[in-house]
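Residue-level listing of the chains:
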Amino acid sequence: MSPGQFAIIVPGPTSRHNAYVPTVTLKSSGRQFDAAVDETVLEAAQRAGVALPYSCRGGVCGSCKATLVEGECAYPRNPPVALSAAAQRHHAVLLCQAVPCGDLVIEAREIASVEDIPHRRVEVAVSERRMLAPDVVGVWLVPVDGTRVNWLPGQYLDVILEDGKHRPFSIAGCPRADGAIELHVRHVAGGGFTSWVYESLKVGDRLTIEAPLGTFVPREDSERPILMMAGGTGFAPVKALVEHFLALGTRRPIDIYWGARTAADIYLRDMATQWATDMPTLRFIPVISDAQEAAASGMREGLVHEALLEDHPDLTDFDVYMSGPPAMISAGKGLFLDANLPEERLYFDSFDYAPDVLSAILQGRAGIHGL
Ligand SMILES: Cc1cc2nc3c(=O)[nH]c(=O)nc-3n(C[C@H](O)[C@H](O)[C@H](O)COP(=O)(O)OP(=O)(O)OC[C@H]3O[C@@H](n4cnc5c(N)ncnc54)[C@H](O)[C@@H]3O)c2cc1C
Ligand code: FES
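Everything numeric in this text was worked out from a predicted model, so none of it was measured.

Draft legend 1. Representation of the site of ligand 1 in the model. In the vicinity of ligand 1 there are 25 residues, among which Arg167, Pro168, His184, Arg186 and Thr194 approach most closely. Contact between ligand 1 and arginine 167: an oxygen atom at 2.8 Å from a side-chain N or O atom of the residue. In the environment of ligand 1, a nitrogen atom lies 2.8 Å from a nitrogen or oxygen atom belonging to the backbone of histidine 184. Surface burial for ligand 1 is 81%, taken as the share of its 990 Å² of free accessible area covered by protein chains. Of all the elements in the fold, those that place two or more residues in the shell around ligand 1 are β12 (166-170), β13 (181-186), α3 (192-199), β20 (346-350) and α9 (355-363). The element that contributes the greatest number of residues to the shell around ligand 1 is β12, accounting for four residues. Looking at the shell around ligand 1 residue by residue, the class counts come to twelve nonpolar, nine polar and four charged.

Draft legend 2. Quick peek at the pairing of strand β9 (residues 120-133). The pairing of β9 with strand β14 (residues 206-213) spans six bridges and is classified as antiparallel. Following the sheet pairing, arginine 120 is matched in β14 by alanine 211. Pairing between β9 and strand β10 (residues 136-143): eight bridges, direction antiparallel. Across the sheet, valine 126 pairs through a bridge with leucine 141, a residue of β10.

Draft legend 3. Quick look at unusual backbone geometry. At the junction of alanine 211 and proline 212, the peptide bond is cis and its omega measures out at -5° in the coordinates. Looking at where proline 212 falls in the secondary structure, it is placed in strand β14. The phi dihedral of aspartate 38 is positive, around 65°, even though this residue is not glycine. The residue aspartate 38 is located in the loop between β3 (32-34) and α1 (41-47) in this model. For arginine 57, which is not glycine, the phi torsion reads 60° and is therefore positive. Mapping arginine 57 onto the fold places it in the loop between α1 and β4 (65-70). Exposure remark for arginine 57: the relative accessible area of 21% places this residue in the partly exposed category.

Draft legend 4. Structural context of the layout of surface pockets. Space inside the second largest pocket adds up to approximately 750 Å³. Gly62, Lys65, Ala82, Lys333 and Glu343 are the residues nearest the centre of the second largest pocket, which is lined by 34 residues in total. When contributions to the lining of the second largest pocket are tallied by element, the ones reaching two or more residues are β4, α8 (326-338) and β20. Looking at the lining of the second largest pocket element by element, the count peaks at seven residues for α8. Taken together, the residues of the lining of the second largest pocket break down into 18 nonpolar, nine polar and seven charged.

Basis of the calculations
Residues numbered from 1 in each chain as written. Chains lettered and ligands numbered in written order. Predicted model: local features only at pLDDT ≥ 70, side-chain atom pairs only at ≥ 80, totals over all residues. Heavy atoms only, no water. Near = heavy atom within 4 Å. Polar contact = N/O pair within 3.5 Å; in protein donor to acceptor, adjacent residues only side chain to side chain. Areas by Shrake-Rupley, 256 points an atom, 1.4 Å probe, with all protein chains shown as cover. Helix = DSSP H or I, 4+ residues; strand = E, 2+ residues; numbered from the N terminus. Nonpolar A, V, L, I, M, F, W, Y, C, P; charged D, E, K, R; others polar. Pairing = 2+ DSSP bridges. Buried < 20%, exposed > 50% of the residue type's maximum accessible area, 1.4 Å probe, protein only. 1 Å grid on protein atoms, 1.4 Å probe; cavity = no way out; pocket = protein on both sides within 12 Å on 5 of 7 lines; lining within 4 Å. Points joined across faces, edges and corners; volume = space filled by probe spheres on them.

As far as function goes, none of this settles anything; it's purely spatial.
Now the structure itself:
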């Protein structure tokens with residue numbers, strides 16, 4: 001094993017032989033798929049049409065965490081930053097990074113609902129561009145060839161750059177009759193693509209996208225009340241999920257916490273307030289971290305995950321959906337599980353940078369928190 005590779009070794013077949021094609025078995029369903037050379041478990045599953053959870057694909061968010069029941073895998077790409085030492089001792093693996101060394105048996109959540117919609121590459125044109133907040137651009141895209149892109153609420157797409165790199169953005173709504181795809185793009189200081197969107201993108205520009213992606217989708221097999229938490233443009237997939245539940249006429253209570261630094265960053269406040277007016281079981285709680293801004297706007301002051309926990313100190317009976325900056329996701333994960341939320345009822349998308357940038361940062365040994 002070369003330096004930088006991390007192995008998880010539990011009883012099972014020994015290291016991979018060159019000509020050997022490992023089989024991955026999912027313990028709960030018994031489904032099986034093969035992994036090609038150097039393929040991660042997640043990539044092999046996707047090639048086989050099996051939907052396993054993921055978000056960042058860079059090894060930092062933990063949404064692809066699963067348990068290795070049998071077998072051995074290595075981490076030749078990024079180290080499994082999202083796994084604590086204790087989790088690794090309990091044979092937790094990150095499916096987006098783990099490459100099988102031989103046959104594996106894995107305990108992982110399968111998300112059947114996303115399997116029905118194959119993802120594909122489409123050329124799209126910008127049909128509308130509008131500033132939503134001082135550093136957030138609303139972008140609407142339509143397929144150039146007139147075909148429709150389908151997705152589940154909460155999923156994201158990749159914008160494919162000219163050099164082949166990908167930049168992920170959540171789709172801020174459900175599929176619409178006019179076929180338009182709405183994005184909320186926050187300008188990242190020093191970021192190549194988002195700077196171009198902020199400074200130069202105009203109506204008529206063309207992009208190549210790959211969609212749909214991701215597993216931050218509604219779970220319909222529950223009657224429990226829902227807590228949604230968004231940070232900044234993390235509101236984009238939350239908007240899609242809420243619109244979906246409203247369209248279904250759900251009776252489940254929904255509390256939406258939207259955190260940002262300033263009042264202007266709560267850029268669709270009127271829309272969310274209207275949801276609460278229209279539906280008596282829905283509450284909208286904007287939370288502002290800047291004390292002066294909070295006082296001036298009359299909105300609640302604080303950190304959004306702390307506000308959620310102040311109102312709901314025991315999360316035993318809830319389903320929680322959250323999306324936004326990695327620091328918020330990381331804080332929410334730890335505290336919500338401590339507040340008795342079962343891990344399998346915490347659904348999240350962490351707005352990490354793209355996998356190539358995460359790899360470069362990790363290889364440069366720079367800190368990844370606060371991205
Ligand atoms: C599932 C998912 C959904 C997302 N949805 C949204 C969304 O709906 N809205 C939204 O606004 N964002 C979203 N994001 C985040 C978004 O994808 C990133 O902000 C975006 O990829 C940044 O792209 P960029 O080209 O502008 O920046 P990049 O060029 O990728 O750079 C990002 C930052 O890293 C630094 N950097 C770049 N290369 C290196 C290097 N080699 N070493 C050190 N530092 C480096 C840059 O200076 C910059 O500060 C999502 C992320 C994920 C994973
Ligand atoms: S750690 Fe694997 S998807 Fe984020």
